[in-house]
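Examining the three-dimensional arrangement
In case you want the letters, here they are:
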Amino acid sequence: MELDMSSIAAHLSPGRRTVVETLYAKKARSPLAAFLLCFFVGPVGLHHAYLRQWGRIWGHLPLPAIALAFAGLGLGHILTTSVALIGFLIAMGGAIVWSLSELRTVDGAADTWNAALAQRLVDQADSGQLDARIPAVTRPATADTSVVPVAAAAIPFVAPALPPVAPEPVAPEPVAPEPVAPE
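Residues numbered from 1 in each chain as written. Predicted model: local features only at pLDDT ≥ 70, side-chain atom pairs only at ≥ 80, totals over all residues. Heavy atoms only, no water.

1. A few points about the overall build of the protein chain
Note the threshold: Helix and strand assignments follow DSSP, with helices taken as H or I runs no shorter than four residues and strands as E runs no shorter than two, numbered in order from the N terminus. Partly exposed describes any residue whose relative accessible area lies between the buried limit of under 20% and the exposed limit of over 50%, with all areas from a 1.4 Å probe on protein chains only and scaled to the type maximum. Two residues qualify as a contact provided that any one of their heavy atoms is within 4.5 Å of a heavy atom in the partner residue. Residue exposure ignores everything except the shown protein chains as possible cover, and the areas themselves are Shrake-Rupley values with a 1.4 Å probe.
When its secondary structure is counted, the protein chain shows nine helices and zero strands. Each helix and strand of the protein chain, ordered N terminal to C terminal, gives the series α-α-α-α-α-α-α-α-α. Across the 183 residues that make up the protein chain, the buried fraction comes to 23%. Counted over contacts in the protein chain with a minimum sequence separation of 6, partners at least 24 positions apart contribute 62%. When the accessible surface of the protein chain is summed, it comes to about 13000 Å², and 69% of that surface belongs to carbon and sulfur atoms.

In structure tokens form, the structure reads like this:
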């Protein structure tokens, strides 16, 4: 299910709506990515990490850990091979069945995450917490636009240094001979 952000953020100003839609596009979780993570690495619970469900990931981790412990004990000849294999298959089989059962609900979990994200962003925009992210072009003008910020007024203007220019040689003007007076 794709959320319609234009209807959720319709009551916001254009600048706030743009910020909310941009942040939503960056932070939203893809249901397809969550599904693929659940399918390929579901027994470890990485799809829950992708959806920021930290409590649920701790439920997944013990089963693969137990399976690896059985495999290690079998390879170290502490347990017989058959006991280690049966323990590994039971633990890993349980983890696989659990992740396969979550395949039908993981896209709904991504949609729930995205809906909560959208609501949180709209609430932050309503309270003004996202105003610093509004581009200056769409930010409403202040009452007094003639005020120059102090930091900008305190910076002296320094003209850039230009390379020295050699004066062009000036040819001397021809001097006309002075008329000689008859004596």
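2. Describing a positive patch on the surface
As a reminder, the rule being used: Like charges within 9 Å and nonpolar side chains (Val, Leu, Ile, Met, Phe, Trp, Tyr) within 5 Å are joined into patches, using only residues over 30% in relative accessible area that form no salt bridge. Salt bridge, as used here: a side-chain nitrogen of Lys or Arg that lies within 4 Å of a carboxyl oxygen of Asp or Glu. In this tally, Asp and Glu contribute negative charge and Lys and Arg positive charge; neither His nor the terminal groups of the chain are included. Here the site of a charge means atom NZ of a Lys, CZ of an Arg, CG of an Asp or CD of a Glu.
A contiguous patch of positive charge, built from Lys 26, Lys 27, Arg 120 and Arg 133, is present on the exposed surface. Considering the arrangement of structural elements, one finds Arg 120 in helix α8 (residues 106-126). We classify Arg 120 as partly exposed; its relative accessible area is 39%.

3. So, the packing of aromatic side chains
Note the following rule: The aromatic pairing rule takes the rings of Phe, Tyr and Trp, using the six-membered ring of Trp, and pairs them if the centres are within 6.5 Å, calling planes under 30 degrees apart stacked, those over 60 edge-to-face and the rest tilted. Two conditions define a charge sitting above a ring: the NZ of Lys or the CZ of Arg must be within 6 Å of the ring centre, and it must be within 35 degrees of the ring normal.
Going through the model one piece at a time under the given rule, you end up with one aromatic pair. Judged by centre distance (5.0 Å) and plane angle (90 degrees), the rings of Phe 39 and Phe 40 are edge-to-face. Taking NZ or CZ as reference, Arg 29 lies 5.3 Å from the ring centre of Tyr 50, over its face. Here the basic side chain of Arg 120 rests over the ring of Trp 113, its NZ or CZ set 5.7 Å away from the ring centre.

4. Considering the confidence of the model for the protein chain
Which entries qualify depends on this criterion: Confidence scores per residue from the predictor, reported as pLDDT, run from 0 to 100.
Of the residues in the protein chain, 84% have a pLDDT of 70 or more, and the chain-wide mean is 83. Averaged pLDDT values over the elements of the protein chain bottom out at 50 in helix α9 (residues 150-153) and peak at 95 in helix α3 (residues 31-41).

5. With respect to the environment of Ala 9
Within the fold, Ala 9 resides in the loop between α1 (5-8) and α2 (14-27). Placed 116 residues apart in sequence, Ala 9 and Ala 125 show a C-alpha to C-alpha distance of 9.2 Å. Non-local contacts of Ala 9, meaning those with residues more than four positions away in its chain, are made with Arg 17, Val 20 and Val 122.

6. Quick look at a nonpolar patch on the surface
On the surface, Leu 32, Phe 35, Leu 36, Phe 39, Phe 40, Ile 96 and Leu 100 cluster together into a nonpolar patch covering about 690 Å² of accessible area. Secondary structure elements with two or more residues in the nonpolar patch: α3 and α7 (81-101). Here the element with the most residues in the nonpolar patch is α3; it accounts for five residues. Structurally, Phe 39 can be placed in helix α3. Overall, Phe 39 belongs to the partly exposed group, its relative accessible area being 45%.

7. Topic: unusual backbone geometry
One non-glycine residue, Arg 52, lies in the positive phi region at around 60 degrees. Tracing the backbone shows Arg 52 in the loop between α4 (46-50) and α5 (54-60). Of the residues examined, Arg 52 reaches a relative accessible area of 41% and is grouped as partly exposed. The phi dihedral of His 77 is positive, around 60 degrees, even though this residue is not glycine. Position of His 77 relative to the elements: it lies in the loop between α6 (62-75) and α7.

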